[in-house]
Amino acid sequence: MNNLPEPEVLVKHYELTAEAWQKAIGAMLGSHTVYAPVKRWGSMDYEPITVEKIRSIVYNEPKPVSPLKLFLLPVKENVVLEPDIVRPLVVIGTPACDLWALDLLDKFYLNSDLIDPYYKLRREKLILIGTDCHSSLEHCHCTSYGINPVPEKNQDILISVIDGKVLLEVHTEKGERLLESIKGVAEFQAAGNSLPETLLQKRREVKSAIDKANKQLPNYQETTSAVKNAGEEIWEKYAKTCVSCGACATICPTCTCFLLIDRPGFEKVKQMDACQYPGFQRVAGGEDPHRQHHIRFSNRYFCKYVFRPEKFDALACTGCGRCIEACIGRINKNELFIEITR
Ligand code: SF4
Ligand code: SF4
Ligand code: SF4
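> Which residues make up the overall build of the protein chain, and what values do they have?
Each helix and strand in the protein chain was counted, giving 11 helices and 11 strands. Relative to the 2.2 N^0.38 estimate, which gives 20 Å for 342 residues, the radius of gyration of the protein chain is 21 Å and therefore close to what a compact globule would have. Principal-axis analysis of the C-alpha atoms gives the protein chain an extent of 65 × 55 × 40 Å. Split into buried and exposed, the 342 residues of the protein chain put 51% on the buried side. In the protein chain, once contacts between residues fewer than 6 apart in sequence are set aside, the share between residues at least 24 apart is 75%. Total accessible area on the protein chain stands at roughly 16800 Å², and carbon and sulfur atoms take up 53% of it. In the protein chain, 43 side chains carry a positive charge and 44 a negative one; their mean positions are 3 Å apart.

And the structure:
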């Protein structure tokens, strides 16, 4: 059970011009911190938005470099101090894969047996403006795991920019309150439920391109049973180029593991951890069930496709493809899965 109130189902549609939406973001900046994707040096990532940057925001492009979880789980923080989180945070441009990842993060960090107060506070202050992807990247494989690249859950508002118009679909009271607080500065026209054919066509094309690019990839259930039945030799083969850097876990929107480290001066540091680091499972006395590299390597796949889905009833891989792009050892988990299901 997580402790977030169930959002009321509320879908309202608005349409406005690009200029009106830019004014609306300007108004948001008075009372909210706003992050949105901006392109720089050939890649796209979330940046803090200032008045000068509003026009540089990129809409409807597939995943920013950073996963959404970095707004909720800083890489390191001192958990003895009161969290210094005052202003609500609006994140614009989150794709469907990262919004799905919130299911697992909420079940893990807001579990009624053990709530993480830092996560809870950040989550309550977070207002999500999700976006549908109007293109995909080489390693996007959301649809293989049943995720439509049009957000269907966990967003407060969905934004699509098409034919020079900004379309907003409001899903929660939180999203509606955000728009209410800025409506005075720009004209928000109530729109009907029917979406323009150009948008629907774009969405169909993107879904079919991702399906086509991943037609050999097994689905989630097939992957679960293939991972359970794989022999050690496959893990040994793929672990050969793994340098245990942990980038795959750091960049993954669903990886949740952390360490607590005591430091002098009454400092307790919560630091994100990764099962690929040597010593991840080492205990007092020096025992380590994952001492062998290939066993540690296989843990990531057992965690994503076997343990987490069983324990939390949520997807632990959303098919974003970031771990493939970030891997310094050029390990492509999808090639591994195709090989073990052949
Ligand atoms: S994996 Fe799917 S939802 Fe995620 S960025 Fe790529 S196309 Fe969009
Ligand atoms: S990113 Fe690649 S090299 Fe680094 S720990 Fe993960 S699998 Fe190993
Ligand atoms: S395991 Fe890889 S593809 Fe799956 S959610 Fe994590 S980073 Fe994305």
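> Quick rundown of the site of ligand 1? Include the residues and the values.
If you check the shell around ligand 1, you find P62, K63, P95, A96, C97, C133, C140, C142, P149, I210, G319 and C320 and nothing else. Its residues assigned to classes, the shell around ligand 1 comprises 10 nonpolar, one polar and one charged.

> Which residues make up the sheet that holds strand β6 (residues 126-131), and what values do they have?
The eight strands lie next to each other as β3-β2-β5-β6-β7-β8-β1-β9, forming an open sheet whose pairing is mixed. Across the chains shown, the open sheet's two edge strands, defined by having one partner strand only, are β3 (43-48) and β9 (189-190). In this sheet, strand β5 (residues 89-94) lies alongside strand β2 (residues 33-40) in parallel orientation, the contact comprising three bridges. Across the sheet, V34 pairs through a bridge with V90, a residue of β5. Taken strand by strand, helix α2 (residues 96-109) contacts β5 and β6, and its axis lies near 140° from that of β6. Against the sheet, helix α5 (residues 197-213) touches β7 (157-162) and β8 (165-170), its axis set at about 105° to β7.

> Requested: an account of the pairing of β3, with residues and values cited.
When β2 meets β3, the two strands line up antiparallel, connected through six bridges. The residue bridging A36 from the neighbouring strand is E47, located in β3. Counted between consecutive antiparallel strands, the loop separating β2 from β3 contains two residues, among which W41 sits at a positive phi close to 50°.

> So what's going on with helix α7 (residues 232-239)? Residues and values would help.
Restricting attention to buried positions, one finds in α7 the residues I234, W235, Y238 and A239. Across the axial projection of α7, the buried residues extend over an arc of 125°, all falling on one side. Buried positions along α7 lie against α6 (220-229), α9 (293-312) and α11 (333-341).

> Summarise the sheet that holds strand β10 (residues 258-263); cite the residues concerned and give the values.
Strands sit in the order β4-β11-β10 across an open sheet of three strands; the sheet is antiparallel. Looking at which strands have only one partner, the edges of the open sheet turn out to be β4 (76-78) and β10. Along the sheet, successive strands turn relative to each other by an average axial angle of 25°, direction set aside. Examined bridge by bridge, β10 and strand β11 (residues 267-272) share six bridges and lie antiparallel to one another. The residue bridging I261 from the neighbouring strand is V269, located in β11.

> Tell me about the pattern of salt bridges, residues and numbers included.
Counted under the stated rule, the structure contains 19 salt bridges. What you see here is one network of salt bridges that share partners, running through K12, E176, E180 and K183.

> Which residues make up the side chain of D132, and what values go with them?
Mapped onto the elements, D132 comes out in the loop between β6 and β7. Engagement of the side chain of D132 in a polar contact is seen with the side chain of H134, the distance being 3.1 Å. A polar contact of 3.0 Å, which involves the side chain of D132, links it to the side chain of S160. Excluding residues that lie within four positions of it along the chain, D132 makes contacts with N60, P149, V150, P151, L158, I159, S160, L199 and R203.

> Go over the environment of Q189 with me, naming the residues and quoting the values.
Within the fold, Q189 resides in strand β9. As a C-alpha pair, Q189 and L167 span 22 residues in sequence and 9.7 Å in three-dimensional space.

> Report on the nonpolar core, specifying residues and quantitative values.
Taken as a class, soluble globular proteins show a tendency for nonpolar side chains to be buried jointly. In this structure, V227, W235, F297 and F337 are the most contacted members of the largest nonpolar core, which totals 31 residues. Sorting the residues of this core by element identifies α2, α5, α6, α7, α9 and α11 as the ones contributing at least two each. The element contributing the most residues to this core is α9, with six residues. For V227, the residues in contact, after removing those within four places along its chain, are W235, Y301, F302, Y305, V306, F337 and I340. Counting 29 residues, the second largest nonpolar core, distinct from the first, contains V90, I157, L179 and A186.

Reading the values: the criteria
Residues numbered from 1 in each chain as written. Chains lettered and ligands numbered in written order. Predicted model: local features only at pLDDT ≥ 70, side-chain atom pairs only at ≥ 80, totals over all residues. Heavy atoms only, no water. Helix = DSSP H or I, 4+ residues; strand = E, 2+ residues; numbered from the N terminus. Rg over C-alpha atoms; globule rule 2.2 N^0.38 Å. Buried < 20%, exposed > 50% of the residue type's maximum accessible area, 1.4 Å probe, protein only. Contact = heavy atoms within 4.5 Å. Areas by Shrake-Rupley, 256 points an atom, 1.4 Å probe, with all protein chains shown as cover. Lys, Arg positive; Asp, Glu negative; His and termini not counted. Charge placed at Lys NZ, Arg CZ, Asp CG, Glu CD. Near = heavy atom within 4 Å. Nonpolar A, V, L, I, M, F, W, Y, C, P; charged D, E, K, R; others polar. Pairing = 2+ DSSP bridges. Axes fitted to C-alpha atoms, helices over the stretch in contact; angles between N-to-C directions. Arc of directions from axis to C-beta. Salt bridge = Lys/Arg side-chain N within 4 Å of Asp/Glu carboxyl O. Polar contact = N/O pair within 3.5 Å; in protein donor to acceptor, adjacent residues only side chain to side chain. Core = buried A, V, L, I, M, F, W, Y, C linked by side-chain atoms within 4.5 Å.

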